[in-house]
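# Summary of structural features
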Amino acid sequence: MNRSDGLVRRAVKVRENGGAEGGLNANTPDDNQDALDSLKDQEDNIDDGDSKETRLTLMEEVLLLGLKDKEGYTSFWNDCISSGLRGCILIELGLRGRVMIEKSGMRRRGLCTRKLILKSDQQTGDVLLDEALKHIKETDPPETVQSWIEYLSGETWNPLKLRYQLKNVRERLAKNLVEKGVLTTEKQNFLLFDMTTHPLSDNVVKCRLVKKIQDSVLSKWVNDPQRIDKRMLALIFLAHASDVIENAFAPLNDDDYEVAMKRVRQLLDLDFETESAKPNANEILWAVFMAFTK
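To start, this report covers the structure provided alongside it. (Residues numbered from 1 in each chain as written. Predicted model: local features only at pLDDT ≥ 70, side-chain atom pairs only at ≥ 80, totals over all residues. Heavy atoms only, no water.)

### Observations regarding the packing of helix α3 (residues 58-66) against helix α9 (residues 230-241)
Interaxial distance between α3 and α9 falls to 10 Å at its minimum, and their mutual angle equals 40 degrees. Regarding the angle of α3 to α9, the classification is oblique. α9 is crossed by α3, and the crossing has right-handed handedness. Side by side, α3 and α9 meet where Leu58, Glu61, Val62 and Leu65 of the first sit next to Arg231, Ala234, Leu235, Leu238 and Ala239 of the second. Per-class residue counts for the contact of α3 with α9 are 7 nonpolar, no polar and 2 charged. (Axes fitted to C-alpha atoms, helices over the stretch in contact; angles between N-to-C directions. Helix = DSSP H or I, 4+ residues; strand = E, 2+ residues; numbered from the N terminus. Parallel < 35°, antiparallel > 145°, perpendicular 65-115°, else oblique. Left-handed = near helix turned anticlockwise from the far one by under 90°. Contact = heavy atoms within 4.5 Å. Nonpolar A, V, L, I, M, F, W, Y, C, P; charged D, E, K, R; others polar.)

The structure is reproduced here in structure tokens:
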């Protein structure tokens, strides 16, 4: 199956006044794009990492993209985000220098068969990352990236590996975002049960995230994956793997939407094995990408 088959075409609903509806949640595309455009000037000079209050991990960014702004929960039909968040955890550990892919050796083994090994057991300060790091450290012999995504998700038939499952990941990430002032906490009644939800409280942070993704495949597009910021490249792939990238592109006009989706497809169709072998490539990224396209 082609890697780009999973890309979902947005549904455009024509209103009586001739406009189009395809924005984020209850807002119209024009409203959302206006909010994004209002950040243009400051976005040129402000980096996400400049402030502790707005610095987000890959996991938090993917979850934030998937959360409905007003309702405060992810789509009940999204069965991809769970494994996608585990992929985020592995890449985040790789970018922080805690894990790496073992060398290919004389046999030139492929990415999917090489093991994920510990590089440093120094704690990151993030509870989820440190929990995953502890599991990786204690596992001997090492496992592949594909296996670790399954273990951390609890999607394994091996009962001895179920102890590696990271539980309540979405709720724990949402609480992190509440602490950072991005979300708030509410209780909603769903007929038979009550559920804790986390509606958006800081629209600026999400708008900045959405605009950052849009810019990466439009105004700041670089036609060479090795020159794209590694964290941004990971965010694009994992947002797609988690089936939430549509939420970043929905506010775009039709022409920009087509260009953005075309460029995402270009990235999905890359030869990951070849890209991982290039100088200065981060093999963790490409190994995780490959795990989601097998």
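### With respect to the packing of aromatic side chains
Overall, the coordinates contain 9 aromatic pairs when judged by the stated rule. Centroid distance Trp148 to Tyr164: 5.1 Å. Interplanar angle 50 degrees. Geometry classified as tilted. One end of the pair, Trp148, is in helix α6 (residues 145-153); the other, Tyr164, is in the loop between α6 and α7 (169-179), and 16 residues separate them in sequence. With a centroid separation of 5.3 Å and an interplanar angle of 85 degrees, the aromatic rings of Trp286 and Phe289 are classed as edge-to-face. (Phe/Tyr/Trp six-rings, centres within 6.5 Å; stacked < 30°, edge-to-face > 60°.)

### As for unusual backbone geometry
Here the amide bond leading from Asp140 into Pro141 is cis, since omega sits at 5 degrees, within 30 degrees of zero. Assignment of secondary structure puts Pro141 in the loop between α5 (127-138) and β5 (143-144). Located in the positive-phi region is Asp243, a residue other than glycine, with phi close to 60 degrees. Mapping Asp243 onto the fold places it in the loop between α9 and α10 (246-249). Given the relative accessible area of 37%, Asp243 is considered partly exposed. If you check the backbone angles, Asn280 has positive phi at about 65 degrees while not being a glycine. Structurally, Asn280 can be placed in the loop between α12 (272-276) and α13 (283-291). (Buried < 20%, exposed > 50% of the residue type's maximum accessible area, 1.4 Å probe, protein only.)

### Some thoughts on the sheet that holds strand β4 (residues 115-118)
Read across the sheet, 3 strands follow the order β3-β4-β5 without closing on themselves; strand pairing throughout is antiparallel. Two strands bound the open sheet, and with one partner strand each, they are β3 (99-101) and β5. When β4 meets β5, the two strands line up antiparallel, connected through 2 bridges. In the sheet register, Leu116 faces β5, and the bridge partner there is Glu143. Along the sheet, α13 makes contact with β3 and β4, crossing β3 at roughly 70 degrees. (Pairing = 2+ DSSP bridges.)

### Observations regarding helix α4 (residues 81-95)
The α-helix advances 3.6 residues per turn, and as a result positions three or four apart in sequence lie on the same side. Helix length check: α4 (15 residues) gives 20 Å between terminal C-alpha atoms against 21 Å at 1.5 Å per residue, within 8%. In terms of residue burial, α4 counts as a mostly covered element, since 14 of its 15 residues are buried. Of the residues flanking the end of α4, it is Gly97, one or two places downstream, whose phi is positive at about 75 degrees. (Expected span 1.5 Å × (residues − 1).)

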